[in-house]
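# An overview of the molecular structure
Each chain is listed here by its residues.
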Amino acid sequence: MSFQIMAYITAAAGFLLAFTWFFAGGKLLNNWGMVPHPDGLFVGRRMGAVYLGNAIMLILGASAPASELRTAVCLGLFVSMLLLAVLGLVEMQSERASKSILPGVLIEIGLAAGFLLVLYDG
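The numbers attached to residues start from 1 for each chain and follow its sequence in the written order. Residues qualify for local features only when their pLDDT is at least 70, as the model is predicted, and side-chain atom pairs are given and counted only at 80 or more; totals for whole chains, interfaces and linings, by contrast, use all residues. In computing side-chain values, all of the structure's heavy atoms are included and hydrogens and water are not.

Whenever Lys or Arg places a side-chain nitrogen within 4 Å of a carboxyl oxygen from Asp or Glu, that contact is recorded as a salt bridge. Overall, the coordinates contain one salt bridge when judged by the stated rule. In this structure, Arg96 and Glu91 form a salt bridge, with 2.5 Å as the shortest nitrogen-oxygen distance. Exposure categories follow from relative accessible area, calculated using a 1.4 Å probe and restricted to protein chains: below 20% of the type maximum is buried, above 50% is exposed, and the middle band is partly exposed. Using a relative accessible area of 27% as the deciding quantity, one classes Glu91 as partly exposed.

Laid out in structure tokens, this is it:
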């Protein structure tokens, strides 16, 4: 898997999540079986800003050659995607989120695996 492909795929997911949190966070929470609350929507919009910033970073750096910085980005995204997947499963198991969180968990596992491949392929 190439870094460029992973960067573009992850950036697309980041843009989608950012704008979903900005404009339809309540629908996202409802989809996960959660009741939207102003506090949760506040945190969600702030996370949207993080997703947007990461997406922009990945688009602008997609063609970067192998370097310590690119390795750090891959490792950081691997860890964050893996943790998001684990947290999604924990929340579902604890019945704080419904099974509708599983597609997101599967995407996060796929992204984590892709960045792990980039790390090992160089």
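On we go from here.
Time to look at a nonpolar patch on the surface. Note that patches include only residues with greater than 30% relative accessible area and no salt bridge, and the join distances are 9 Å for like charges and 5 Å for nonpolar side chains (Val, Leu, Ile, Met, Phe, Trp, Tyr). For the accessible areas, the method is Shrake-Rupley and the probe is 1.4 Å, while residue cover comes only from the protein chains on display. Taken together, Met1, Ile5, Ile9 and Leu117 make up a surface patch of nonpolar side chains, about 360 Å² in accessible area. Position of Leu117 relative to the elements: it lies in helix α4 (residues 102-121). Secondary structure elements follow DSSP: runs of H or I no shorter than four residues count as helices, runs of E no shorter than two count as strands, and numbering proceeds from the N terminus.

Moving on, we come to the packing of helix α3 (residues 68-93) against α4. Where α3 contacts α4, the axes come no closer than 8 Å and their chain directions differ by 155 degrees. Taken together, the axes of α3 and α4 are roughly antiparallel relative to one another. In the crossing of α3 with α4, the sense of the turn from one axis to the other is left-handed. Residues Thr71, Cys74, Leu75, Leu77, Phe78, Met81, Leu82, Leu84, Ala85, Gly88, Leu89 and Met92 of α3 pack against Leu102, Val105, Glu108, Ile109, Leu111, Ala112, Phe115, Leu116, Val118 and Leu119 of α4. Residues that form the contact of α3 with α4 fall into these classes: 19 nonpolar, two polar and one charged. Lines fitted to C-alpha atoms define the axes here, with helix axes fitted over just the stretch in contact, and angles between the N-to-C directions of these axes take values from 0 to 180 degrees. To sort the angles, those under 35 degrees are grouped as roughly parallel, those over 145 as roughly antiparallel, those from 65 to 115 as roughly perpendicular, and the leftovers as oblique. We call a crossing left-handed when the near helix sits turned anticlockwise from the far one by less than a right angle, and right-handed when that turn is clockwise. By the convention used here, residues are in contact when the closest approach between their heavy atoms is within 4.5 Å. Here the term charged refers only to Asp, Glu, Lys and Arg, the term nonpolar to Ala, Val, Leu, Ile, Met, Phe, Trp, Tyr, Cys and Pro, and the term polar to all other amino acids, Gly among them.

Two aromatic rings, drawn from Phe, Tyr or Trp (for Trp, its six-membered ring), form a pair once their centres lie within 6.5 Å of each other, and the interplanar angle then sorts them: stacked below 30 degrees, edge-to-face above 60, tilted otherwise. Per the counting criterion, the structure on display carries four aromatic pairs. Relative to Phe22, the ring of Phe19 has its centre 5.9 Å away and its plane inclined at 80 degrees; by these criteria the two rings are edge-to-face. A residue pair is termed a helical-turn pair when its members lie 3 or 4 positions apart in one helix, as Phe19 and Phe22 do in helix α1 (residues 3-31) at three residues. Relative to Phe23, the ring of Phe22 has its centre 6.3 Å away and its plane inclined at 80 degrees; by these criteria the two rings are edge-to-face. Ring pairs connect the aromatic residues Phe19, Phe22 and Phe23, which therefore count as one cluster.

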